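# Structure at a glance
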Amino acid sequence: LRQTLFKGSREKGLKQAGFDGTKPVLLMMGGSQGAQAVNKGLRSALPLLLKDFDVLHLCGKGNLDETLMGTTGYCQKEFLSDELPDALAACDLVLSRAGANSLCEFHALQKPMLLVPLPLSASRGDQILNADSYARRGLAHVLRQEDMTAETLAAAVHRLYREKDSIRAAMQNDPAGDGTAQVLEWIERIQH
């Protein structure tokens, strides 16, 4: 895992998004291209979410919604590069697809996740397997794209927030968190 991810500043992340820190922050990441169905679902759920959460939406290149510019409690950006560790430090919850790299990073950072895996109609099914594995181990919640409406998405985010402490505890106790130290230990053992 990129060590820079662990060096973010919550204060900087909140400031960059224009949030004051009084509400929990939901970070939606859809990858460099964005996740169109999840972008749409999140935007439709904003009236149900913004009462209780600030939302930082990384929507992918070319996916900004001009009609939502200036919406209080909602910050949309195409993507973040150097600022990503700060955004991750600022967020309390993550809404994401279920790609392996992102899951490993969110897990190591102990960010409770609501996963919307790519459906079989658009993938090999690996994200469904990833999401189900995390859910079985109590490390994430899953919402199928075909079940996603403004209401089901908002309800799932609220439930995730209520259960965030038990999810974080499961992440702390899960041996697969950040495997970097374990790999380095194996290398040391083999060399000696």
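Below you will find a few notes about this structure. These numbers were taken from a predicted model, which means no experiment stands behind them.

### Comments concerning the environment of F19
The residue F19 is located in the loop between helix 1 (10–17) and strand 1 (25–29) in this model. Separated by 56 residues in sequence, F19 and C75 place their C-alpha atoms 8.6 Å apart. Not counting residues within four places of it along the chain, the set of residues in contact with F19 comprises L14, V25, D54, V55, L56, G73, Y74 and C75.

### Regarding the packing of aromatic side chains
Counted under the stated rule, the structure contains one aromatic pair. With a centroid separation of 5.5 Å and 85 degrees between ring planes, the pair formed by F53 and Y161 is classed as edge-to-face. Residue F53 is located in the loop between helix 2 (36–49) and strand 2 (54–58), and its partner Y161 is located in helix 6 (residues 150–162); the two are separated by 108 residues in the primary sequence. It is R137 that lies over the ring of Y134; its NZ or CZ is 5.0 Å from the centre. Taking the ring centre of Y161 as reference, the NZ or CZ of K164 above it sits at 4.2 Å.

### Some remarks on the pattern of salt bridges
As enumerated under the stated definition, the model contains six salt bridges in all. Of the charged contacts, one joins D92 and R10 as a salt bridge, the two residues approaching to 3.9 Å between their closest N and O atoms. Taken together, the positions of D92 in the loop between helix 3 (84–90) and strand 4 (93–96) and R10 in helix 1 put the pair 82 residues apart, joining distant regions of the chain. On the basis of relative accessible area, D92 is assigned to the buried category, the value being 16%. Taking the relative accessible area as the measure of exposure, R10 reaches 26% and is therefore partly exposed. One salt bridge connects E163 with R159, and the closest N-O pair in it is separated by 3.2 Å. The class for E163 is partly exposed, based on a relative accessible area of 27%.

The rules behind the values
- Residues numbered from 1 in each chain as written.
- Predicted model: local features only at pLDDT ≥ 70, side-chain atom pairs only at ≥ 80, totals over all residues.
- Heavy atoms only, no water.
- Helix = DSSP H or I, 4+ residues; strand = E, 2+ residues; numbered from the N terminus.
- Contact = heavy atoms within 4.5 Å.
- Phe/Tyr/Trp six-rings, centres within 6.5 Å; stacked < 30°, edge-to-face > 60°.
- Lys NZ or Arg CZ within 6 Å of the ring centre and 35° of its normal.
- Salt bridge = Lys/Arg side-chain N within 4 Å of Asp/Glu carboxyl O.
- Buried < 20%, exposed > 50% of the residue type's maximum accessible area, 1.4 Å probe, protein only.

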